[in-house]
Every structure is written in structure tokens, then in C-alpha cells.
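Take a look at the letters that make up each chain.
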Amino acid sequence: MEKIKTKKEEEILIDVTETFDYSGQSPEYISTYKKWRKNPDNPFAYNYIRNKNEITFSESEGFVKTIPEEKEREVLSRVLYIFGTVLILSLFIQFVFSKILVAFLDLIGINIHNSFLNYSVYGGQKEVMAVMVAVTLLKFCLPMFIIKKTLKMPVKASLPCKLQSSKNLFFCIALSLIVSVLTSISRAYSDTTKEYFSFFNCYSKEFSLMNQAELVIYMFFDIVAVSIMSEFLFHGAVFQALRQFGDLYAVLVCAVFSALMSNDIASMPSVFAVSAVAGISVLRSGTVFTAVAVQITNKIYLFALTIIELSFSDMNLKRGYFMIACFLISIVIAFIIWKTMNREYSLKKNLSTFLTAKQKIELIFSTLPTFTVIFICITTTITDILI
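How each quantity is defined
Residues numbered from 1 in each chain as written. Predicted model: local features only at pLDDT ≥ 70, side-chain atom pairs only at ≥ 80, totals over all residues. Heavy atoms only, no water. Helix = DSSP H or I, 4+ residues; strand = E, 2+ residues; numbered from the N terminus. Areas by Shrake-Rupley, 256 points an atom, 1.4 Å probe, with all protein chains shown as cover. Salt bridge = Lys/Arg side-chain N within 4 Å of Asp/Glu carboxyl O. Buried < 20%, exposed > 50% of the residue type's maximum accessible area, 1.4 Å probe, protein only. Expected span 1.5 Å × (residues − 1). Contact = heavy atoms within 4.5 Å. Core = buried A, V, L, I, M, F, W, Y, C linked by side-chain atoms within 4.5 Å. Patch = residues over 30% accessible without salt bridge, like charges linked within 9 Å, V, L, I, M, F, W, Y side chains within 5 Å. Polar contact = N/O pair within 3.5 Å; in protein donor to acceptor, adjacent residues only side chain to side chain. Phe/Tyr/Trp six-rings, centres within 6.5 Å; stacked < 30°, edge-to-face > 60°. Lys NZ or Arg CZ within 6 Å of the ring centre and 35° of its normal.

**Observations regarding the overall build of the protein**
Assigned secondary structure in the protein consists of 15 helices and six strands. When the accessible surface of the protein is summed, it comes to about 19,500 Å², and 67% of that surface belongs to carbon and sulfur atoms.

Shown next as C-alpha cells:
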């Protein structure tokens, strides 16, 4: 029979795993996540348990009191290290391996070429599409595989799939559409989507999806498959590991690095905002698939804007009407759901840990892999602007 702690015992006992707020998540997630965190052999689990009056003996320092800040700093550094490492690998695949692959295929006579001065790939449509799909799969799947093997977090904790609140699902989708409209006002289309249309020779007023099989296939892959892989990478095991140090911290760190990895300064605000909504959606709905729905909603919206630009002579007017309609409809839906749902703000849960916000931000810059990712992404973005 489990011993019930007295109020005095609770006041002097520090147990970061038990004091963590797991509300809004499924029982399976809670039990699995707790078990992962309480594993004493898990170097990525912040599972500090100490009596405030307890002291330990150190040969160099004598009798000392251990403090939770030291444990938190140590574990957070490890999580950031593996996160930064896999993102560096993803960048290597995107910018280096892809060029080596294309150069090799070009050498053996396949109709595909690239320029080492920029990131453009050109050649046969089928060849380019095949390489783009292969490189995209590799840059997401290989980092996810490494994270899975390194963190050893069970699927029920890393990729929770049981929806706990259908209202939060639709609320977050409506919120993502609001964010998509607001962040697209200055551009009104996705630069990446426009690039795809241009390459597949359909960026003209005579555009027809029915005559562009390669484009349709790749856009389906980009909207659905890439959204799933992206959310599994940024809001899967790494996101759950970062939750140990605060929900708001996990949301913002994943959103910032997701934006940096876009390598497009015009898209960064939109990517950051949508990724932040996706992170919040995981916390509020209890499933990572709400985050996938948020990403798919954003990409469908940007795809629709591009279609409008291609299909109408008075596209500025039509595009404006479409954006206003999406914004108003999503505002109404979000407001109606908000009035009828539990209004507890998820990011207020687990907000404070023993490390300050400043200390946790400093760790990002003092951890070599995460600092390297920031440096590479900023450098490549600036280079792309200059070229």
C-alpha cells in the first residue's frame, strides 16, 4: 500500500516528476511519460528527487546539499545537444548531400543538374521530383531515427495519439488559419509553393492541375507527408523531452528552430507562428496529430493562394476576398469554441522550473550543436538573400 505523505513531508520533498502537471493528456501518456522520466539510467530524464534537508558527502567539498538547478542544467544540456546534432545532420542532407547526390546522378547520365552557387535543381521533372522526395524523406527520417534510438522514449509518450479534446482540435485548426492569414498579408503566397509551380512549367494563366501530374504528386507529398514528418520531428520526442523544463520553453524552442530551418527570411515569421500553434495544440488536445492538422491547414491555405494567383486575371481582388473570408470564418469558429471550452491556458502549466528563463536561453547558445544550427541557418539565409 502506497504511503500517504504528510503536509510537512511534501513541503520538504522535491520530486520534479510528481509535481509536473500532466493534465490534458491521456492516462497512457501520463503513465508512460512518468516511467520514462523516473528511469534512473535515463540520461535525458529530469527526475530529481531530494529531501531539502538531505546532505551528501563530497571528497573535494565535504558535506554539501545537492541542488535541483545542477541536475536540470545537466539534463537540458544533453537534450539540446542531441536536438542540435540531428538538426545539423538534417542541414547537411539538405545542403551538402543533396548536391553530391545530384552531381553523381548527373555524372552517370541522368537528366538532373544543380548549381553549387545556389540551391536550385533543374532537369527532367520526374528526375527532379524523385530526388526532392528522396532528400526530403532522408532529412526528416534519419534525424527521427537517431532521436528514437538516443532518447529511447516510448511511442505513447513521444507521439501521443489519443485525442483528449475535440474542441481543442478544431480551436487550434481555426487558430492556425488565423495565424496563416495574418502572416501571409505581406506576401500572400508561399515562396516555396511558387517555386514548385515555376519549376513544373505551370506558372501561367493557362495553369491546370489535371495536366500537371508531377506537381500534383509532389504537392500532395509536401502538404501531407512533409507535415507529418515535420511535426514528428519538432513536436515528437524532442518536444516531450523539452517539456520537462517548461511547456512554454518547449513550444518556443521548437518554434524558433523550426523557423530557422526554413532558411527563408520571408517565411520565418509564418513558420514560427504556425509551429507555436502546433506546439500549443499538442498540449491542449493531447495528440501530436492535432499539430499535423495545423500544419496541413496552413499549407492548404498557402496552396489555395497560389492557385488563385494563377487562375484569375483580377487575382489581387480575388485573393483579398479569399483571405478576408478565411480570416472571418476562422475568427467566428475560434470564438464560438472558446466560449464553450475549458479556458485553462496550457502554457501556464509547468511554467517555472528551477532554472530561470535567462539561464535556459543561455544554454541554447552555450551548447555547441544548437549554436551551430543557429549560425548555419542565419548564414545560409543571408547568403540566399545576397545571391
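Don't stop here, the text continues.
**Let's talk about the pattern of salt bridges**
Enumeration according to the criterion identifies six salt bridges in this entry. A salt bridge links Glu18 to Lys38; the nearest nitrogen and oxygen atoms lie 2.3 Å apart. Separated by 20 residues along the polypeptide, Glu18 in the loop between strand E1 (13-15) and helix H2 (27-38) and Lys38 in helix H2 bring together distant segments of the chain. Glu18 gets classed as partly exposed once you look at its relative accessible area, which sits at 37%. A salt bridge links Arg78 to Glu74, with the shortest nitrogen-to-oxygen separation between them at 2.4 Å. Of the two residues, Arg78 and Glu74 both sit in helix H3 (residues 68-107), four residues apart, roughly one turn of that helix. With relative accessibility at 29%, the residue Arg78 sits in the partly exposed group. By relative accessible area, which is 37% here, Glu74 ends up partly exposed. One network of salt bridges, with partners in common, ties together Glu18, Lys34 and Lys38.

**Things to note about helix H13 (residues 315-340)**
In a regular helix each residue adds 1.5 Å, so 26 residues correspond to 38 Å; H13 covers 38 Å between its end C-alpha atoms and thus fits that length. Inspection of H13 places Met315, Arg319, Met323, Cys326, Ser330, Ala334 and Ile337 among the buried residues, and these make up the whole buried set. Buried-residue contacts for H13 involve helix H6 (166-183) and helix H12 (288-311).

**Quick notes on the nonpolar core**
Formed by 71 residues in total, the largest nonpolar core has its most connected members in Tyr33, Leu76, Phe83, Leu87, Leu242, Tyr249 and Phe257. With residues up to four places along the chain from it excluded, the contact list for Leu242 reads Leu76, Val79, Leu80, Tyr249, Ala250, Val253 and Cys254. In terms of nonpolar packing, the next biggest core, distinct from the first, is built from eight residues, Ile223, Val288, Val292 and Ile296 among them.

**Considering the environment of Val75**
Mapped onto the elements of the fold, Val75 is located in helix H3. The spacing of Val75 and Pro43 is 32 residues in sequence and 6.7 Å in space, taken between C-alpha atoms. Ignoring sequence-local partners within four residues, the contact set of Val75 consists of Pro43, Phe44, Ala45, Tyr46, Gln244 and Phe245.

**So, a nonpolar patch on the surface**
Residues Phe92, Val96, Phe97, Ile100, Leu138, Leu142 and Phe145 make up a contiguous nonpolar surface patch of about 580 Å² in total accessible area. Sorting the residues of the nonpolar patch by element identifies H3 and helix H4 (125-151) as the ones contributing at least two each. Here the nonpolar patch takes four residues from H3, the largest share from any one element. Exposure remark for Leu138: the relative accessible area of 33% places this residue in the partly exposed category.

**Quick notes on the side chain of Gln244**
Mapped onto the elements, Gln244 comes out in the loop between helix H9 (237-242) and helix H10 (247-260). Here Gln244 falls in the buried class, since its relative accessible area comes to 3%. Polar side-chain contacts of Gln244 include one of 3.0 Å to the backbone oxygen of Phe44. Not counting residues up to four positions away in its chain, the partners in contact with Gln244 are Phe20, Tyr33, Trp36, Arg37, Phe44, Ala45, Tyr46, Val75 and Thr353.

**A short note on the environment of Arg73**
Inspection of the secondary structure puts Arg73 in helix H3. You can call Arg73 partly exposed: its relative accessible area is 35%. Aside from chain neighbours lying at most four places away, what touches Arg73 is Leu355, Gln359 and Leu363.

**Overview of the packing of aromatic side chains**
What the rule picks out here adds up to twelve aromatic pairs. Between Phe83 and Phe234 the ring centres are 6.3 Å apart and the planes differ by 85°, which places this aromatic pair in the edge-to-face class. One end of the pair, Phe83, is in helix H3; the other, Phe234, is in helix H8 (residues 213-234), and 151 residues separate them in sequence. Phe234 carries the same exposure label as Phe83, and that label is buried. Taken together, the aromatic side chains of Phe20, Tyr22, Tyr29, Tyr33 and Trp36 make up a single cluster linked through ring pairs. Directly above the aromatic system of Phe20 lies the positively charged group of Arg37, at a separation of 5.2 Å from the ring centroid. The ring of Tyr249 has Lys360 lying over it, and the distance from NZ or CZ to the ring centre is 5.3 Å.

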